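Structural characterization, general
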Amino acid sequence: MTDPVWPMLLGRFTWDSLPFVRAWHNPTTNELIAAAAGGIVVVSGIAVLVLITVLRRWRWLWTEWLTSLDHKKIGILYIVIALVMLARALVEANLMRLQQAVAVGNPGFVAPEHFAELFSTHGSIMIFFMAMPFLTGLINYLVPLQIGARDVAFPVLNAISLWLTAAGAALMMASLVIGRFSTGGWSGYPPFTEIGFNPGVGPDYWIWAVTLGSLASTMTGINIAVTIYKMRCPGMKLMRMPLFTWTSLCTAILMIFAMPPLTVATALLALDRYLGFHFFTNALGGNMMHYANLFWMFGHPEVYIVILPAFGIYSEVVSTFSSKELYGYKSLVIATMAIAVLSFTVWLHHFFTMGQSASINAAFGIATMAIGVPTGVKIYNWIWTMFRGEVRFTTPMIYALAFMMTFVLGGLTGIILAFPPLDYIVHNTLFLVAHFHNMLIPGTLYGLLAAYTFWFPKVFGYRLDERWGRISCLCWIVGFYLAFMPLYVLGASGMARRTQAVMETAYRPWLYMAEAGALILLCAFAALIVQLWVSIRRRGANDVFVGDPWDGRALEWSVSAPPPEFNFARLPHVDQAHWFYDAKRKYAPYAPPIAYHDIWMLRNSAVAPVIGIASGAATFGLVWHMWWLAIFGLIVIFAAVVARSFVRDTHRVIPASEVARIDESWREATARAQPVPREIETSPANQGLALVRS
Amino acid sequence: MSASETKHAGLNLGGTDAKTHAEAEHAIFGFWIFLMSDAVIFALLFATYGVMLPATAGGPTPTSVFKIGPTFAETLLLLTSSLTYGMASVAMKHGSPLGGIHRWLAVTLLLGLIFLAFEWHDFSDMFAQGAYPTRSGFLSAFFGLVPLHGLHVIAGIVWILVMMVQLRVFGLDARVKINLLRLGLFWHFLDIVWIAIFSTVYLPGLLP
Ligand code: HEM
Ligand SMILES: [Cu+2]
């Protein structure tokens, strides 16, 4: 069972690589869990394929979604990936919580190696395949609409980014079914992940999944930055852009500069593992500290990559649901830029304890504390925005409020960690785990969910169910506090992170509490699914085709919901920051254009799916040492790129008459709709037309 | 907006081809940003090299394996190829007959190939002296950095070949022009990286 099977073809695959075989030979709870997880992946994969076939949806899927270059569809696909991966990572988190709650004074039911795989996959997925695709999807969908453009600057590149991300996510899923994942945590520190200590496939899965995600994000960053710099509609000066676009720009810039260090770190680790180089090994001059520097030169900016878009989301949500202009727009822009720059100056705080001099630690500690200042500025901005506004406690607004309270708390524990002498005490304990979840859950996850609720009606044309939204939101909040506040206590009393079993019985009540919180968080996710289900069933009653359910400010609310594929029948001309909001009050925002013109849009292209599948295959081949597959994949990628460069028939035209037909039917619906006052905006009375009292 | 306005850094098509000039704006700007990101990768590999320089683990040292002659020749080859590429760009901008552009591209291609041959020779020389990447941290860093530049040159050469074919097939259409501009930026970028390699890897390594 441990001999390679057809090594020429299958590389280092052995029958033992399959969790099902392992569970058959050794039916412990631990192995059965692994087999069940693999089974779920296989069964749900097959179920999806069968469903598509039975419903005869293959052609539709291929032409409408997989080969589409429409930034809106690409955005939606990103978010679908993110939600699937969120489900998996949440289940893993619950398994870890359950294990720790059970394993006080005994080994529990999850073996140490398996536990290590769990925190490694949970962390890697949450960062690279939940947070990143989710926010990339939102940026993709919203930025062109907010700046009055018809697409991003490089639509083909955009599709390729999506497909590389999908290939990375697929690799993560494959690791459940074939082989094992890394046990090296989301940061993959060598020398532990070097061939000497970890000869198996685990670290290779990690390396290639993360590398694919990293390359995809670099390309996304380039694409979004160019889109924002070069494709704004007439009159959309930089200082007139909505705040979400501003934070997207800063995130894009961070991606351009911060993803390369990750690519370099994983590539050098791969050279060590595959070709015997000595970058980070113990022997012959390798230097693991250099890895720590490279990784965190990416890692710290990364936390701002995932948090800045959420800041933009909260800015939009708070000002919309307070019916007030954002307080201190300029200071928010400056603060965002300041954070983006400062984020490159603090990476060393991730390893205060690794032996550099006290003065270096002090310098980085002070820099870290300084970054709290612009963040604090923002909190005040949001509070002042609400002040004397017409505040409505809708679901996105509740997320925003929970974020403000909770994030400040996390910031305070961050100041503790930024102080090197204190960091020495709580470094590598659950205190740190509590701190970064305290930042990432309100700072990223709540923001993403607020955005999901806020913009869902724009994307699909009907509102989400408000009641289930609030239930879910409440569970995310209560669950978070229950699950993570105890970890501060545990960490301060010395419980190390990444611990599979616990010897100290005094920890037990806190671990129970954390377990209860984790369960509530799982319920929160379930409520989200229920909400989606309920909303789809009642979509008729919650229709907002007119497109402006919340009396929005930015340009995306000025078009139908869902927007036509060309976004704007005529590209808007704006003369101020809240052009649409103001137009609703002063002129006729729904007046038809004087004339319609032909619009050129990109044709579909198969190049991105081909590159995505080939890169998934190539990296899978690299993981398993199936060299033929790796080489074949690379050749296909190369051929696809060159072939695409020869395609000249890339555009198709939407005739003016068709544009006019689509646009006029929407304008008629607008004229028919009943305007809704703010007080009842979450009721079926909301048809997407705002009642304006000027 | 007038056609002569500068839309992006570097050679603009304003004045000779207003339509492509407008299209080139975000294409070329995007490519500059890509190069910036690629430059970050090289910068980090230079930093890695600096960190690993003392880690020779008792094996070959810079002085014992680097040679000034061939690396200086490589520098001249690559710089000259940049000049010849520049000639191709100017010919493209001013609409000279395709043959002229082809010839300059072919010369650039040839210089690139000779550069690679020299570099290949350098590496096999080093291997022959026992200086291979698995020997020490220093050599790992060297072989992480310099051959990556070489791989970029190979990519550039393949790209030149593709562009020569496209010139035959499509003539000077807008996309060919834009891609020639991008390729030019790429090729000159490789020059700059090489100068950095020559002056921070080879030259100091040869000082006593
Ligand atoms: C929402 C419910 C969540 C729960 C219950 C949860 C739970 C956990 C647990 C139990 C661990 C292992 C702690 C240990 O080392 O002992 C962990 C680690 C981690 N989590 Fe979460 N988590 C959640 C959400 C998130 C989110 C939203 C993110 C990021 C966006 C995230 C990122 C991470 C990371 C990066 C690690 C570190 C992994 C490592 O040690 O390498 N988690 N989480
Ligand atoms: Cu940090």
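The shown structure was predicted, so the numbers you read here are calculated from the model rather than taken from an experiment.

The next subject is the overall build of chain A. Of the regular secondary structure elements, chain A holds 21 helices and two strands. Taking 26 Å as the expected radius of gyration for a compact globule of 694 residues, we find that chain A reaches 25 Å, a close match to that expectation. On the principal axes, the C-alpha backbone points of chain A span a range of 75 × 55 × 45 Å. When the accessible surface of chain A is split by element, carbon and sulfur atoms take 72% of a total near 26,400 Å². Across chain A, 45 positive and 36 negative side-chain charges occur, with their mean positions spaced 5 Å apart.

For the rest of this paragraph, the subject is the overall build of chain B. Each helix and strand in chain B was counted, giving six helices and zero strands. Considered along the principal axes of its C-alpha atoms, chain B spans approximately 60 × 30 × 25 Å. For chain B, restricting intrachain contacts to residue pairs at least 6 apart in sequence, the fraction spanning at least 24 positions comes to 76%. When the accessible surface of chain B is totalled, it reaches about 8,600 Å², and 73% of it is carbon and sulfur. Here chain B carries 10 positive and 11 negative side-chain charges, and the mean point of each set is 6 Å from the other.

Turning to the interface of chain A and chain B, a few remarks are in order. Taken together, the contacts link 35 residues of chain A with 39 residues of chain B. Across the interface of chain A and chain B, roughly 2,900 Å² is buried in total on both sides, 73% from carbon and sulfur atoms. On the chain A side of the contact with chain B, A:K230, A:F646 and A:R648 bury the most area, a combined 22% of that side's loss. Scanning the region where chain A abuts chain B turns up two salt bridges.

Residue and element names in this part refer to chain A. One pass over the structure, following the stated rule, counts five cavities of 30 Å³ or more. Of the volumes computed, that of the largest cavity is approximately 170 Å³. Together, 16 residues line the largest cavity, and P242, L243, E316, R553 and H578 are the ones closest to its centre. For the lining of the largest cavity, the leading source of residues is helix α10 (residues 288-321), giving four residues. Looking at the lining of the largest cavity, its residues break down into eight nonpolar, four polar and four charged.

Moving on: the coordination of the copper ion (ligand 2). Bound to the copper ion (ligand 2) on the protein side are A:H300 (ND1), A:H349 (NE2) and A:H350 (NE2), at distances that span 1.7 to 2.0 Å. Linear spacing of the donor residues for the copper ion (ligand 2) on their chain is H-x48-H-H.

Looking at chain B, the pLDDT average stands at 93 and 98% of residues meet or exceed 70. The complex model carries a pTM of 0.96, and its ipTM stands at 0.96.

Pairs can form between side chains of opposite charge whenever their charged atoms are close. Considering all chains together, one arrives at 25 salt bridges over all chains under this definition. The residue B:D173 makes a salt bridge to A:R648 at a minimum N-O spacing of 2.6 Å. Of the two residues, B:D173 sits in the loop between α5 (137-170) and α6 (174-206) while A:R648 sits in the loop between α20 (627-645) and β2 (651-654), which places them in two different chains. For A:R661, the salt bridge identified is with A:E658, shortest N-O distance 3.0 Å. Within this pair, A:R661 and its partner A:E658 are both found in helix α21 (residues 656-672), separated by three residues, close to a single helical turn. Relative accessible area serves as the criterion here: at 29%, A:E658 is assigned to the partly exposed category. Sharing partners across several salt bridges, the network here consists of A:D548, A:D551, A:K584 and A:R585.

Residues and elements named next belong to chain A. Near ligand 1 there are 21 residues, and of these H122, W186, H437, R497 and R498 occur at the shortest range. Residue H122 places a side-chain N or O atom 2.8 Å away from a nitrogen atom belonging to ligand 1. The contact in question runs from an oxygen atom of ligand 1 to an N or O atom on the backbone of W186, over 2.8 Å. At the level of secondary structure, the elements contributing two or more residues to the shell around ligand 1 comprise α5 (71-102), α6 (112-146) and α15 (430-460). Among the elements that take part in the shell around ligand 1, α15 stands out by supplying six residues, more than any other. Here the shell around ligand 1 is composed, by residue class, of 13 nonpolar, five polar and three charged.

Here we take up the coordination of the iron atom of ligand 1. Residue and element names in this part refer to chain A. Protein coordination at the iron atom of ligand 1 comes from H122 (NE2) and H437 (NE2), with a distance range of 1.9 to 2.0 Å. Of note is the iron atom of ligand 1, whose six donor atoms meet at the metal with angles of 87 to 180° in an arrangement that counts as octahedral. Of this pair, H122 sits in helix α6 while H437 sits in helix α15, placing them 315 residues apart in sequence. Given a relative accessible area of 12%, H122 falls into the buried group.

Our next topic: the packing of α15(A) against helix α16 (residues 466-492) of chain A. All names here are of chain A. Viewed as axis vectors pointing N to C, α15 and α16 meet at an angle of 160°, and their least axial separation amounts to 7 Å. As far as their axial angle goes, α16 and α15 are roughly antiparallel. Crossing of α15 over α16 shows left-handed handedness. In this structure, α15 contributes L430, F431, V433, A434, H435, H437, N438, I441, L445, Y446 and L449 to the contact, and α16 contributes W476, I477, F480, F484, M485, L487, Y488, L490, G491 and A492. Looking at the contact of α15 with α16 residue by residue, the classes come out as 17 nonpolar, four polar and no charged.

Here the focus is the domain arrangement of chain A. All names here are of chain A. Each domain of chain A was delimited in the assignment, giving domain 1 (1-56), domain 2 (57-605 + 650-680) and domain 3 (606-649). Measuring from the centre of the C-alpha atoms in domain 2 to the corresponding centre in domain 3 gives 28 Å. Note on domain 2 versus domain 3: buried area summed over both sides is about 1,900 Å², and carbon and sulfur give 73% of it. In terms of surface lost to domain 3, no three residues of domain 2 exceed W163, S605 and T650, which account for 29% of the buried area on that side.

A separate point is helix α11 (residues 329-342) of chain A. Residue and element names in this part refer to chain A. For α11, built from 14 residues, the straight-helix expectation of 20 Å at 1.5 Å per residue is met to within 8% by its first-to-last C-alpha distance of 20 Å. Listing the buried residues of α11 in full gives Y329, L332, V333, A335, T336, I339 and A340. Along the axis of α11, the buried positions cluster into a sector of 165°, meaning they face one direction only. In this structure, α11 carries K330, I334 and V341 as exposed residues pointing more than 90 degrees from its buried face. Turning to α11, the residues buried within the fold contact α9 (243-275), α10 and α12 (358-386).

With that out of the way, let us pick up the packing of α16(A) against helix α17 (residues 508-537) of chain A. Residues and elements named next belong to chain A. Relative orientation of the contacting elements α16 and α17 amounts to 160°, with a least axis distance of 7 Å. One way to sum up the angle between α16 and α17 is to call them roughly antiparallel. Crossing hand, α16 versus α17: left-handed.

Quick notes on the rules
Residues numbered from 1 in each chain as written. Chains lettered and ligands numbered in written order. Predicted model: local features only at pLDDT ≥ 70, side-chain atom pairs only at ≥ 80, totals over all residues. Heavy atoms only, no water. Helix = DSSP H or I, 4+ residues; strand = E, 2+ residues; numbered from the N terminus. Rg over C-alpha atoms; globule rule 2.2 N^0.38 Å. Areas by Shrake-Rupley, 256 points an atom, 1.4 Å probe, with all protein chains shown as cover. Lys, Arg positive; Asp, Glu negative; His and termini not counted. Charge placed at Lys NZ, Arg CZ, Asp CG, Glu CD. Contact = heavy atoms within 4.5 Å. Buried area = accessible area lost by both parts, 1.4 Å probe. Salt bridge = Lys/Arg side-chain N within 4 Å of Asp/Glu carboxyl O. 1 Å grid on protein atoms, 1.4 Å probe; cavity = no way out; pocket = protein on both sides within 12 Å on 5 of 7 lines; lining within 4 Å. Points joined across faces, edges and corners; volume = space filled by probe spheres on them. Nonpolar A, V, L, I, M, F, W, Y, C, P; charged D, E, K, R; others polar. Donors = N, O, S within 2.8 Å, 3.2 Å for Na, K, Ca; no water. pLDDT = per-residue confidence, 0-100. Buried < 20%, exposed > 50% of the residue type's maximum accessible area, 1.4 Å probe, protein only. Near = heavy atom within 4 Å. Polar contact = N/O pair within 3.5 Å; in protein donor to acceptor, adjacent residues only side chain to side chain. Tetrahedral: all angles 85-135°; square planar, octahedral: opposite > 155°, others 65-115°. Axes fitted to C-alpha atoms, helices over the stretch in contact; angles between N-to-C directions. Parallel < 35°, antiparallel > 145°, perpendicular 65-115°, else oblique. Left-handed = near helix turned anticlockwise from the far one by under 90°. Domains from an automatic or database assignment. Expected span 1.5 Å × (residues − 1). Arc of directions from axis to C-beta.

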